[in-house]
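One-letter residues, chain by chain:
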Amino acid sequence: MMMTRHRLLPMLLVVLLAGCAARTPALSPTQTERWQQAQEFLAAISKAYGLSGVTLQVSEGHTGGEIATVKGQAIVIEKALLDYKPWVVDKVIAHEAAHVIHGDFHRMRTGWTSRSEAVLALRGFEVEADVKVIEILQRVRGYTECKALLHVLFYKTSQVKALAAGTIKAWPEGHWPPHEEHEMILARFPTHHPWTGKCPT
């Protein structure tokens, strides 16, 4: 029996829908600084893209195993994200903001009739969000295209290494494997082929 999209959603949309906002957990001084910077960054993105009512929330164990997720107009990040370097936080916030800009939370609710169709759609959303991150970093942070691309691809390379080392135990079904996402993203920027992992100074 073919599963309906209503039964598919609870299983497949963890990347963007999982979790609910919880009371902000206690943060260390460094985490508090990262949290404030993340809020300022999201405010700048909202201004640049005309977003209204988008909020940023921090939780502990309320994102369905993801480091960040989107629920409607709320971006929910795990407290653990605030232990990473600012560029990593920027990349994650920009990625989730890209989902909001693209309206992915609402696009997920229509048009799918099979599990495979839903998985392919979700994987497409993720690649498009990372491509959008490169634009956001240029527009809001003032990065060159090369520097923005460098940040996104380095993030992907880090995920590949984490999977190989066993730091990441399982990969979400709604994502292409990170090495494939790396190549898909790079393919959008042919002027940077061959990719050397460096940008002009």
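A brief report on the enclosed structure follows.

**Things to note about the overall build of the chain**
From N to C terminus, the chain includes eight helices and three strands. For the chain, the sequential pattern of α-helices and β-strands runs α-α-α-β-β-β-α-α-α-α-α. By residue count, 45% of the 201 residues in the chain fall in the buried class. Intrachain contacts of the chain at a sequence separation of at least 6 include 67% that bridge at least 24 residues. Just so you have it, the chain exposes about 10,300 Å², and 57% of that area is on carbon and sulfur atoms.

**Remarks on the packing of helix H3 (residues 29-49) against helix H4 (residues 86-102)**
Running from N to C, H3 and H4 cross one another at 35°; their axes reach a closest spacing of 10 Å. In the crossing of H3 with H4, the sense of the turn from one axis to the other is right-handed. Packed against H3, whose contacting residues are Arg34, Gln37, Ala38, Phe41, Leu42, Ile45 and Tyr49, the element H4 presents Pro86, Val89, Asp90, Ile93, Ala94, Ala97 and Ile101 at the interface. For the contact of H3 with H4, a count of residues per class yields eleven nonpolar, one polar and two charged.

**As for the pairing of strand S3 (residues 74-78)**
For S3, the buried fraction is high: five of the five residues fall into the buried class. The alternating pattern of S3 places Ala74, Val76 and Glu78 on one face and Ile75 and Ile77 on the opposite face, and all of these are buried. Strand direction decides the pairing type here: strand S1 (residues 55-59) and S3, joined by five bridges, are parallel. Each bridged residue has a counterpart across the sheet, and for threonine 55 the counterpart in S3 is alanine 74. As paired elements, strand S2 (residues 68-71) and S3 share four bridges and run antiparallel to each other. Directly across from valine 70, in S3, lies its bridge partner isoleucine 75.

**Quick word on unusual backbone geometry**
The omega torsion of the bond from histidine 193 to proline 194 falls at -10°, within 30 degrees of zero and hence cis. Its place among the elements puts proline 194 in the segment after helix H8 (178-187).

**As for the pattern of salt bridges**
Any two side chains of opposite charge can pair, on the condition that their charged atoms come close. Applying the stated criterion across every chain yields a total of eight salt bridges. Arginine 188 is paired through a salt bridge with glutamate 128; the nearest N and O atoms lie 2.4 Å apart. With arginine 188 in the segment after H8 and glutamate 128 in helix H6 (residues 115-141), the pair connects residues that are 60 residues apart, well separated along the chain. Residue class for arginine 188 comes out partly exposed when judged on its relative accessible area of 41%. Linking glutamate 135 and lysine 132 is a salt bridge whose minimum nitrogen-to-oxygen distance equals 2.9 Å.

**Points about the packing of H4 against H6**
Across the interface, H4 lies against H6 with an axial gap of 8 Å and an inter-helix angle of 110°. Comparing their axes, H6 and H4 come out roughly perpendicular. With respect to the hand of their crossing, H4 and H6 are arranged in right-handed fashion. Residues Asp90, Lys91, Ala94, His95, Ala98, His99, Ile101 and His102 of H4 lie in contact with H6, whose contacting residues are Phe125, Glu126, Glu128, Ala129, Asp130, Lys132, Val133, Ile136 and Arg141. A breakdown of the residues in the contact of H4 with H6 according to their chemical character gives seven nonpolar, three polar and seven charged.

**A few points about the nonpolar core**
Ile45, Leu56, Ile75, Ile77, Ile93 and Ile185 are the most contacted members of the largest nonpolar core, which has 40 residues in total. Listing elements by their share of this core, those giving two or more residues are H3, S1, S2, S3, H4, H6, helix H7 (145-165) and H8. Ranked by residues supplied to this core, first place goes to H4 with eight residues. Contact partners of isoleucine 45, with chain neighbours within four places excluded, come to Leu51, Ile93, Ala94, Ala97, Ile101, Ile136 and Val140. Ranked by size, the runner-up nonpolar core spans seven residues in total, among them Met108, Trp112, Ala121 and Leu122.

**Description of the packing of aromatic side chains**
Under the counting rule described, the total for this entry stands at one aromatic pair. Here arginine 139 stacks its cationic end above the ring of tyrosine 49, 4.3 Å away from the centre of that ring.

Cut-offs and rules
Residues numbered from 1 in each chain as written. Predicted model: local features only at pLDDT ≥ 70, side-chain atom pairs only at ≥ 80, totals over all residues. Heavy atoms only, no water. Helix = DSSP H or I, 4+ residues; strand = E, 2+ residues; numbered from the N terminus. Buried < 20%, exposed > 50% of the residue type's maximum accessible area, 1.4 Å probe, protein only. Contact = heavy atoms within 4.5 Å. Areas by Shrake-Rupley, 256 points an atom, 1.4 Å probe, with all protein chains shown as cover. Axes fitted to C-alpha atoms, helices over the stretch in contact; angles between N-to-C directions. Left-handed = near helix turned anticlockwise from the far one by under 90°. Nonpolar A, V, L, I, M, F, W, Y, C, P; charged D, E, K, R; others polar. Pairing = 2+ DSSP bridges. Salt bridge = Lys/Arg side-chain N within 4 Å of Asp/Glu carboxyl O. Parallel < 35°, antiparallel > 145°, perpendicular 65-115°, else oblique. Core = buried A, V, L, I, M, F, W, Y, C linked by side-chain atoms within 4.5 Å. Phe/Tyr/Trp six-rings, centres within 6.5 Å; stacked < 30°, edge-to-face > 60°. Lys NZ or Arg CZ within 6 Å of the ring centre and 35° of its normal.

Function cannot be inferred from these measures alone, as they are strictly geometric.
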